[in-house]
Amino acid sequence: MRRALSIVRAQLRASMALGLQYRLEFLVEGGLAVLWMAVTLIPLLVVFGTRQAVEGWTFPEMLLVLGWFVALKGVLEGAVSPSLTAVIEHVRKGTLDFVLLKPADAQLLVSVAKLEPWRIVDLLGAGLIFAYAFSRLGRAPTAGEVLAAGAMLLGALLVLYSIAILVVSIAFFAVRVDNLLYLFQSVFDVARWPSTIFRGFLAVLFTYVLPLALMTTYPALALLGRLRAGTALGALAGAIAFAAFARVLWSLSIRRYTSASS
Amino acid sequence: MSLRAAARAYPALLRAGFAGAVAYRAEFLIWMFSTNMPLIMLALWAAVARSGPVGGYTQRGFAAYYLSTLLVRLLTGSWVVWELTMEIRQGVLALRLLRPLHPLIAYSAENLAAVPLRGIVAIPVVSILLWTARGQLGHDPLLWLMLLPALLGAWLLTFLVMALIGTLALYVESAASLFEAWLGVSAVLSGYLVPLDLFPQAVQRIALALPFRFLLSFPVELMLGKHGRGESFALLGAQWLYVAFALLATNLVWRAGLRRYSAYGG
């Protein structure tokens, strides 16, 4: 376990150094992240120009969901996707051999291979959104609520990462799936609204099949102190089960990998 | 390179492009599916309109608006900017320059050839649109006839803006980022995220004068029958004026840029 942690630390440091080399890109991409955050906010501003609440969610409450969305999107596109896109490239070129030969867990190695450090702007933006939302609500979250939200966030990150691993596992069966990862990124956009917005088939899809809406809704509910303990524990258990399933599928599919190079 | 030679080559280019799109049909489908933002926005607005119409849009009105938006986006999509910036960076453009055909014309054929396949993907969207929100669509057959040149204009404008920004990769390294910025502004001002008439007056006035509207909102407005005949004609004229301007600008930037281009690779 300690070895795994030190590997993660070394990998993160290396990919961080690599990312920070391009300083102008840092500025440009950081500016773009701010622009996209504004674009994400605009529909909400228009909606709440006409309404006080939508499906029981007021403006500051909905901002909390959006804050989690911005943060998770930053993690997805800044840390998860770049690494896993690199795996797909490895599989296509047959260079995954070099990763598999290393004396460490391959899933661990590929998962922290590449970072886009400018995505930190998203996390800062999410922090600002939270601060504004709570100033509108006129109160601060209690320590317990923050703790619960943190636990929910860990669960959400686990599910997010597991879905990405599942997508990458497909790369061993079908060759061109880099756009599958892109498709997942665009489907993740549904997480910007609370799960109760969706009705009928979509509600079932985004709650049980691809639990995207919950990833942002549950942490937001936890911050508001409205999440029941049973639901929270159920969600965590579900997240762990999902991660285990992804791990099994990854091990199965890596066995199918036959190098293309040698 | 003469225009006549290009015109003669164009049908063959279209056939080749179509064959290419069909060959990678699974990949193609995945790209199409990732255009889902109008549906996400529809989910939000449908929830808002459950408690009564918003600015003249009922739930069905929103369904008609966002399904039309999805349809127009599917039909007028283009990807030349990614290809162009990559080929300029990797030097592959040199290969294209050797051919006796303007590279932008070749790109346009590749992008246009995908439209029939995009049309097939769009069939379910059209069916759902007709099924759920038929009453919200316009009734004037002349406006529906004008939809064809409006869609072509929207496609051309999309393509030309992409080509223009892609060509800037000959000058600056971050042309792709520049296009990202364009996409962000365009998402707001073209009516992709929110119908333009729901914005405050001041924003609306700006949005209606800028070219973004003609990329997406204008064909949608035609489908929903929002304007009379006279106004629609005027708008169509304005759209094609923007197309002509974009064509001119792209041409100028391309010519000046090629003089700087010095890659041998490929």
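All figures in this text were calculated on a predicted structure; none of them were measured in a lab.

**A look at the overall build of chain B**
Next up, step 1: Within chain B, the regular secondary structure consists of 14 helices and zero strands.
Next up, step 2: Taken from the N to the C terminus, the helices and strands of chain B come in the order α-α-α-α-α-α-α-α-α-α-α-α-α-α.
Next up, step 3: Its C-alpha atoms give chain B a radius of gyration of 19 Å, near enough to 18 Å, the size a compact globule of 266 residues would have.
Next up, step 4: For the C-alpha atoms alone, the extent of chain B along its principal axes is close to 65 × 40 × 35 Å.
Next up, step 5: Considering chain B as a whole, with its 266 residues, one finds that 36% of them fall into the buried category.
Next up, step 6: Nonlocal contacts in chain B, meaning residues at least 24 apart in sequence, comprise 82% of its contacts between residues at least 6 apart.

**Structural notes on the overall build of chain A**
Next up, step 1: A count of helices and strands for chain A gives 11 helices and two strands.
Next up, step 2: Ordered by position from N to C terminus, the α and β elements of chain A give α-α-β-β-α-α-α-α-α-α-α-α-α.
Next up, step 3: Seen through its principal axes, chain A has C-alpha atoms that stretch 65 × 45 × 35 Å.

**Some points on the interface of chain B and chain A**
Next up, step 1: Each partner contributes to the interface: chain B provides 26 residues, whereas chain A provides 27 residues.
Next up, step 2: Broken down by secondary-structure element, the contributors of at least two residues to the side of chain B that touches chain A are helix H2 (25–33), helix H3 (37–49) and helix H10 (175–189) of chain B.

**Examining the packing of helix H9 (residues 141–167) of chain B against helix H14 (residues 229–260) of chain B**
All names here are of chain B.
Next up, step 1: It is the contact of H9 with H14, at a shortest axis distance of 9 Å, that shows an interaxial angle of 20 degrees. Between H9 and H14, the crossing angle belongs to the class labelled roughly parallel. Crossing angle aside, the handedness with which H9 passes H14 is left-handed.
Next up, step 2: Residue classes in the contact of H9 with H14 are distributed as 20 nonpolar, six polar and one charged.

**Re the packing of helix H1 (residues 3–23) of chain B against helix H7 (residues 103–113) of chain B**
All names here are of chain B.
Next up, step 1: Closest axis-to-axis distance for the H1/H7 pair is 8 Å, and the angle between their directions is 45 degrees. Between H1 and H7, the angle is such that the two are oblique. Where H1 crosses over H7, the two elements pack in a sense that is right-handed. Taken together, the residues of H7 that come into contact with H1 (itself represented by Ala6, Tyr10, Leu13, Leu14, Gly17, Phe18 and Ala21) are Ile105, Ala106, Ala109, Glu110, Leu112 and Ala113.
Next up, step 2: When the residues that make up the contact of H1 with H7 are grouped by side-chain class, the tally is 11 nonpolar, one polar and one charged.

**Let's talk about the nonpolar core**
Next up, step 1: Judged by nonpolar contacts, the single largest core of 135 residues is most densely connected at Leu72(A), Leu160(A), Ala164(A), Leu157(B) and Ala163(B).
Next up, step 2: Per-element tally for this core: the top contributor is helix H3 (residues 59–93) of chain A, with 17 residues.

**Describing the environment of Trp31(B)**
Next up, step 1: In this structure, Trp31(B) sits in helix H2.
Next up, step 2: Residue classification places Trp31(B) among the partly exposed positions, given that 18 C-beta atoms sit within 10 Å.

**Examining the environment of Gly257(B)**
Next up, step 1: Tracing the chain through its elements places Gly257(B) in helix H14.
Next up, step 2: In the structure, Gly257(B) is positioned 90 residues away from Thr167(B) in sequence and 7.3 Å away in space, judged by C-alpha atoms.

**A look at the confidence of the model for chain B**
Next up, step 1: Per-chain confidence: chain B averages 91 in pLDDT, with 98% of residues scoring 70 or above.
Next up, step 2: The ipTM for the predicted assembly is 0.87, set against a pTM of 0.90.

**Concerning H7(B)**
Along an α-helix, residues three or four positions apart point the same way, because every turn accommodates 3.6 residues.
Next up, step 1: Within H7(B), the full set of buried residues consists of Leu104(B), Tyr107(B), Ser108(B), Ala109(B) and Asn111(B).
Next up, step 2: Residues of H7(B) that are buried in the fold lie against H1, helix H5 (80–90), H9 and H14 of chain B.

**Side note on the environment of Leu42(B)**
Residues and elements named next belong to chain B.
Next up, step 1: Counting through the fold element by element, Leu42 comes out in helix H3.
Next up, step 2: You can call Leu42 buried: it has 20 C-beta atoms within 10 Å.
Next up, step 3: Taking C-alpha positions, Leu42 is 38 Å from Arg89, a pair spaced 47 residues apart along the chain.
Next up, step 4: Ignoring sequence-local partners within four residues, the contact set of Leu42 consists of Phe62, Ala63 and Tyr66.

The rules behind each value
- Residues numbered from 1 in each chain as written.
- Chains lettered and ligands numbered in written order.
- Predicted model: local features only at pLDDT ≥ 70, side-chain atom pairs only at ≥ 80, totals over all residues.
- Helix = DSSP H or I, 4+ residues; strand = E, 2+ residues; numbered from the N terminus.
- Rg over C-alpha atoms; globule rule 2.2 N^0.38 Å.
- Buried ≥ 20, exposed ≤ 12 C-beta atoms within 10 Å, placed from the backbone.
- Contact = placed C-beta atoms within 7 Å.
- Axes fitted to C-alpha atoms, helices over the stretch in contact; angles between N-to-C directions.
- Parallel < 35°, antiparallel > 145°, perpendicular 65-115°, else oblique.
- Left-handed = near helix turned anticlockwise from the far one by under 90°.
- Nonpolar A, V, L, I, M, F, W, Y, C, P; charged D, E, K, R; others polar.
- Core = buried A, V, L, I, M, F, W, Y, C linked by C-beta atoms within 7 Å.
- pLDDT = per-residue confidence, 0-100.

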